[in-house]
Amino acid sequence: MRQKDPFDEGAGSILRQPRAVWATAGASVVAFMGIGLVDPILPSIAQGLRATPSEVSLLFTSYFLITAVAMLLTGFVSSRIGGRRTLLAGLALVIVFAALSGTSDSVGELVGFRAGWGLGNALFVSTSLAVIVGAAAGGSAAAILLYESALGLGMACGPLVGAVLGDASWRYPFFGTAALMAVGFLCIAAFLREQPKPARRTSLLDPLRALGHGGLASAAASAFFYNYAFFTVLAFTPFVLDMTPYRSGAVFFAWGVLLAVFSVLVAPRLQERFGSLKVLGGSLVLLAADVVVLGYGDHTTAIVCTVLSGAFIGVNNTVFTELALGVSDAPRPVASAGYNFVRWFAAAAAPWLAPRIEEWSDIHTPFAVAGAAAAIGAGIVWARRRSLTHEAEEHRAARPRPALAAD
């Protein structure tokens, strides 16, 4: 029997969406570009501002630390002023702080401006997922695939844009991001209508209360350790590869392409065949092995494993997002905020810890730690499989199955 493809032009296709959804997804691409934008220019920033790798790593730490804390604010704000205004407020903050980042004269200023950027990004990214899920045609599965498509495309293009603009000056990628986000701001202002506000306003503590659900807490805990491995690769590997911005950008562009392909095309098919939890556990174990080989291999091996890690990260992103949105009975924005509150702390910790672990030991140990973190994430999935199994079975039965045609 042949099954429906979510990219088919028929009903439920992720390609047939309202303009408001495309405007939000397009702005999401740029928002995710901001995460990987600095990757190929980290050595250039360190040289231009006379900073050490551990100091430059704070660009990620400040960004994600503020993002994590701000997740508690997103539902509180959006339930009071509406999703559209929250998106626009987040974009406005990103535009301002991205532009200010390009004017920095010290690493301290740049770290501070990245923190403001993280606040805007938290307001935008968390709300954009809820907006896309609420406004997309084809149900939540199609909406999540569209969101993951935006994530993958942004992750792929970020390093490339950073390399092209950063080859002239490390400041230009920040100005470029501000300009692109301004375009996204205008598109959302023009095409997205205000959505109905929830009947009940979200409190600051609702995301934390949602984590009292065993399934959501298990998904968030596993994602915490997974994100540590993810952002060790993203933030620390550029120093290990020690390449020009163009070459580093090319490596992470290939990494991002694999991330996009596996998150949107491969992950749903693997879930359909093997089930969400087996796919997630297996992908985390493979990521753990890949990261360890990356750390202990030669330069060519490190490049190959960096690119290959994008495949495992893409699969993990899709499955984790579905788990977070569907495992509990909490409203999706609340569940997403609680889940992201936990996992982004690891994204803040990894860039700060990895260079310090290298200083305390050697260049290989940060990757061994990252591999252990991914393995712990897989262990949590296995140990807590009962609290996650019900959700996984529901998604497997209810999702538009992405094989090749209709029954």
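Everything here concerns the structure above.
Residues numbered from 1 in each chain as written. Predicted model: local features only at pLDDT ≥ 70, side-chain atom pairs only at ≥ 80, totals over all residues. Heavy atoms only, no water.

Can you walk me through the overall build of the protein in this structure?
Across its full length, the protein carries 16 helices and 0 strands. Taking all 407 residues of the protein together, the buried fraction comes to 56%. For the protein, restricting intrachain contacts to residue pairs at least 6 apart in sequence, the fraction spanning at least 24 positions comes to 86%. Counting every atom, the protein has about 15600 Å² of accessible surface; 65% of that belongs to carbon and sulfur. (Helix = DSSP H or I, 4+ residues; strand = E, 2+ residues; numbered from the N terminus. Buried < 20%, exposed > 50% of the residue type's maximum accessible area, 1.4 Å probe, protein only. Contact = heavy atoms within 4.5 Å. Areas by Shrake-Rupley, 256 points an atom, 1.4 Å probe, with all protein chains shown as cover.)

Before we go on, may I ask you to explain the side chain of S248 in this structure?
By the secondary structure assignment, S248 is in helix α11 (residues 245-274). Taking relative accessible area as the criterion, S248 reaches 3% and is therefore assigned buried. Residues within four places of S248 in sequence aside, it is in contact with D39, P40, P238 and M243.

Got a minute to help me understand the pattern of salt bridges in this structure?
Pairs can form between side chains of opposite charge once their charged atoms are near each other. Scanning the entire structure with this criterion turns up 2 salt bridges. R171 is the salt-bridge partner of D105, the closest N and O atoms lying 3.8 Å from each other. Note that D105 is positioned in the loop between α5 (83-101) and α6 (107-135) and R171 in the loop between α7 (139-166) and α8 (172-191), a separation of 66 residues in sequence. In this structure, R209 engages D206 in a salt bridge whose closest nitrogen and oxygen atoms are separated by 2.9 Å. Of this pair, R209 and D206 both sit in helix α9 (residues 206-210), 3 residues apart, roughly one helical turn. Since its relative accessible area comes to 53%, R209 is described here as exposed. (Salt bridge = Lys/Arg side-chain N within 4 Å of Asp/Glu carboxyl O.)

What exactly am I supposed to notice about the nonpolar core here?
Residues I45, F64, F174, I188, F231 and W255 are the most contacted members of the largest nonpolar core, which totals 116 residues. In this view, F64 contacts I35, F231, W344, A347 and A348; residues no more than four positions away in its chain are not counted. (Core = buried A, V, L, I, M, F, W, Y, C linked by side-chain atoms within 4.5 Å.)

Which parts of the structure should I look at to understand the environment of G215?
On the secondary structure map, G215 appears in helix α10 (residues 214-241). Taking the C-alpha atoms as reference points, G215 and L323, separated by 108 residues in sequence, lie 8.3 Å from one another.

What's the story with the packing of aromatic side chains in this structure? I'm lost.
One pair of aromatic rings is described through two measures. These are the centre distance and the angle between the planes. Under the counting rule described, the total for this entry stands at 15 aromatic pairs. When the centroid spacing of 6.1 Å and the interplanar angle of 80 degrees are considered together, the rings of W170 and F174 count as edge-to-face. In this structure, W170 and F174 share a single accessibility class: buried. Ring centres of F230 and W255 lie 6.1 Å apart, and the angle between their planes is 50 degrees; this geometry places the pair in the tilted category. Taken together, the positions of F230 in helix α10 and W255 in helix α11 put the pair 25 residues apart, joining distant regions of the chain. Across this residue pair, the class does not change: F230 and W255 are buried. Three or more aromatic residues joined by ring pairs form one cluster here, namely Y63, F64, W117, W170, F174, Y226, F230, F231, F252, W255, F320 and W344. In this structure, R80 packs its charged tip against the face of F76, placed 3.8 Å from the ring centre. Here the basic side chain of R114 rests over the ring of Y63, its NZ or CZ set 4.2 Å away from the ring centre. (Phe/Tyr/Trp six-rings, centres within 6.5 Å; stacked < 30°, edge-to-face > 60°. Lys NZ or Arg CZ within 6 Å of the ring centre and 35° of its normal.)

Don't take any of this as a statement about function, it's just geometry.
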